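# Residue-level structure breakdown
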Amino acid sequence: MQNNLVIVESPAKAKTIQKFLGTDFKVLSSYGHIRDLNKKHAGIDVENDFTPNYEVPADKKNIVAELKREAKKASIVWLASDEDREGEAISWHLSEVLKLKPEQTKRIVFHEITKSAILDAINNPREIDINLVDAQQARRILDRLVGFELSPVLWKKVKPSLSAGRVQSVAVRLIVEREREIRNFKPEASYRVVAVFKVPEENGRTVELKAELNKRIPTYAQAKELLEHCASKLFTIKDIKKSPLKKNPAPPFTTSTLQQEAARKLGFPVARTMMVAQKLYESGRITYMRTDSVNLSGLAINASKETILDKMGEKYLKIRKFTTKSKGAQEAHEAIRPTDMHTTAITGSAQEKKLYDLIWKRTIASQMAEAQLEKTNVHISIDGVDGYHFVATGEVIKFDGFLKVYRESFDNHQDEEEVPELPTDANMLPPMKVGEVLPFANISATERFTLQPPRYTEASLVRKLEELGIGRPSTYAPTISTIQNRGYVVRGDSEGETRVFKRIVLTGDGLGEETDTESFGSNKGRLVSTDIGTVVNDFLMAYFPNVMNYNFTADIELTFDEIAAGNKKWTEVLRNFYTKFHPNVVSVENMKMEHRVGERILGNDAETGLPISVKIGRYGPVVQMGDPDAEEKPRFAQLQKGQSIETLTLEEAHDLFKLPRIAGEYEDLTVKIGVGRFGPYIYHHGKYVSIPKTEDPLKISLDTCIELIEAKRKADIEKHIKSFDEEPELEILNGRWGPYISYQKSNYKIPKSVEDPKLLSLEECLELIKKQEKGTAGKRKANARAAANKKKAKTATKKKATTKKAAAKKTTTKKTAAKKTAAKKVVAKKVVAKADTTKE
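Keep in mind that what you see is a predicted model, and the values were worked out from it rather than measured. (Residues numbered from 1 in each chain as written. Predicted model: local features only at pLDDT ≥ 70, side-chain atom pairs only at ≥ 80, totals over all residues. Heavy atoms only, no water.)

## Quick look at unusual backbone geometry
Threshold: Strands here mean DSSP runs of E at least two residues long; helices mean DSSP runs of H or I at least four residues long; both are numbered from the N terminus. The buried label goes to any residue with under 20% of its type's maximum accessible area, the exposed label to any with over 50%, and the partly exposed label to all in between, with areas taken from a 1.4 Å probe on protein chains only.
The step from Leu 659 to Pro 660 runs through a cis peptide bond, and the omega angle for that step is 0°. With respect to the helices, strands and loops of the structure, Pro 660 is situated in the loop between helix 18 (650-656) and strand 23 (661-666). The backbone phi angle of Ser 161 is positive, close to 70°, even though this residue is not glycine. Residue position: Ser 161 is located in the loop between helix 5 (130-157) and helix 6 (168-184). Here His 685, not a glycine, exhibits a phi torsion of approximately 55°, which is positive. Relative to the assigned elements, His 685 resides in the loop between strand 25 (679-684) and strand 26 (687-690). A relative accessible area of 54% places His 685 in the exposed class.

## Comments concerning the sheet that holds strand 20 (residues 611-617)
Definition in use: Two strands qualify as a pair provided that DSSP identifies no fewer than 2 bridges between them. An axis is simply a line fitted to the C-alpha atoms; with a helix, the fit covers only the stretch in contact. Between two such axes, the angle follows the N-to-C directions and lies from 0 to 180 degrees.
The strand order across the open sheet formed by four strands is 19-20-21-22, and the pairing between neighbours is antiparallel. The outermost strands of the open sheet, each flanked by one partner alone, are strand 19 (600-604) and strand 22 (635-638). Going from strand to strand, the sheet's axes swing by 30° on average, the running direction of each strand aside. Bridge count for strand 21 (residues 620-625) against strand 22 is four bridges, and the pairing is antiparallel. Bridge assignment links Met 625 to a residue of strand 22, and that residue is Arg 635.

## Here's the deal with the packing of aromatic side chains
For any pair of aromatic rings, the description consists of the separation of the ring centres together with the inter-plane angle of the planes. The condition is simple: Stacked, tilted and edge-to-face are the three classes applied to pairs of Phe, Tyr and Trp rings, where Trp contributes its six-membered ring and a pair requires centres within 6.5 Å; stacked means planes under 30 degrees apart, edge-to-face means over 60, and tilted covers the rest.
Applying the stated criterion across every chain, the model contains 17 aromatic pairs. Ring centres of Phe 25 and Trp 78 lie 6.3 Å apart, and the angle between their planes is 45°; on these two criteria the pair is classed as tilted. Separated by 53 residues along the polypeptide, Phe 25 in strand 2 (residues 25-29) and Trp 78 in strand 7 (residues 76-79) bring together distant segments of the chain. As far as the burial class goes, Phe 25 and Trp 78 line up, both buried. Relative to Phe 577, the ring of Phe 552 has its centre 5.9 Å away and its plane inclined at 20°; by these criteria the two rings are stacked. Of the two residues, Phe 552 is situated in helix 16 (residues 550-564) and Phe 577 in helix 17 (residues 570-589); the sequence distance between them amounts to 25 residues.

Take a look at the structure:
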């Protein structure tokens, strides 16, 4: 029997820790929180000082029962959940639900899962920090109150199934406001003048030197005039300035900087970064991944020092101690770093290897010498022209320092001209001297436009939230996932628009002019607000400005920090918030509105005179023609992809009512074009075919429709490989990643060892399914299928019972009707008999 029970929140973490402890310890997982607020009435007794009503969910009851059994057997229970507030709350809930005795309970924390860290934690236990628990409870309850009270208002005033949240709604506000900045942005044109000079070398050859005019020219006429002037002028080197530069390494990763850099360098979404980092932490590869701190322990610094000296030499070493600047840094006490700096590469998935490599390089670079560069500026004058001169710039790396290992990335503006982050051979300037006259090869003046504000990426949104003090390391990833899952924000897929620009070129042959095109405004991969997100944001901004205020959201985070430090009582914080918030909710909920929230009246239809408006409907943005209060029901049309309720014109709205339309006939059947919930489609022979975004449903031709219909048929034929009459729900199909088995709404891989999937028998398919369901993912599929079958069986039983009940009712009704008929006959006979008697 084990004398010690260690409880952690993850099975992977439990497995790693068990390896470090002896047979006297048993390590089990709680699989996260074992209880949460009851979903009825928000799970909070507001009248009783915001007392939370916690319950153990159904899917955690077996886990709790097992933990209770094991806790009774153990002499000491060690609560080893994560060291942040969420982890502290998990330990507290475990203590409460398992009814652990204080004298037999010990709380241990560690920020890395290594043998030394675990044993050190065992030797230095502490009690549960109730201040951290209260801070977590305050956040959870306040967020529950905001969500539970605001969401029903949105259902009533905007659209069913919407939600609001303290942090998520403010994040949406940032994206909506940026979208409006872009929409209202008016680009201004100017001319960028670049000259290519010929610089003679000692061997008689010439090299090209590119230099840019020190100012932009505002108009086409002025740019042309300058180039005409340059045609007959001399260009002389007036000054050459050389200055040393130093580049310092970035500090080790915090949660937010890891999320940003993984997005830039690896293309990871924020949620994926945190998922992979969690796996690395639980397998003992890196320290705790939710942290505001840039500090490194003495052990990590010494290990980094040894690695640098061993691999690169003493000149590359420079020990640094970084300090955390963010207010209220509280999630952990050390930056994200490898647990063993001597391990430069690990085994694991490709994503784990990439993220580990990024963390190792960033950490090791932080303890390396700065890079030394030399920057050279060459000023080239134009004879007879005042105020203008050309500037050539070059940089040379004298000593690479930390750049040998790591180069930090930055969010470049999507339309910005490419500028190398660090010197390359192209940045090196040829030997020159002051007073030297340079002939030009060509001079060009290219029309350039001011850049619109960039849309947020997931990485830049994290940085903005951190700058504003909104949220904490543990909230960034779930917030960004939530606003996308709710449909308030989407990842853009537009390539942008095309515009024409002018270029004037001066060569030895004279002055020439040309035009060219460029793309701008692409939102590909960037966060874009949807119509629903915009309408919800505007509604909340209009009626709940305090909740949407950036300062309020940031200040409440600092208040949670105060609770964690023991300086404020969590119930008082909630009371102060709720006494102002709740009356506002009641007032708005009872308020009558003339128009639906977000509705825009566009004008009247020219033919019928009916009003046309655009608004949020049950399935998204729609155009309405007609009055809902009129006798004739209004008509509705859905917006096309790329259209917005904010910018839609009356003419565009009118065009939408041209759908559905008949494109013609094919195979003696009608080909119809329409727009549905999932976009424009072709309907033919009882089947739907999606219209690609490159085609306009209002203009698409019959020939193109036929091509798309045939392509869909071909794809359907190629997709289907084999089916079985004995098991209609099982099919072998062709997918994007190769053939697979589809069975009861779940998909199963076909191993590469199977040369021809067509030859698989039903028994072999079922065997493959059985094997794959042994794994964790497979168990989930099996459970999902079992649940679906159970639901199906339940529905069938219910249907059978209903049919039986209906039949019984029908029989009873018939019997009753028969009795009534018989009774009527008896009465009729009596009446007849009585009449006969009277006659006599």
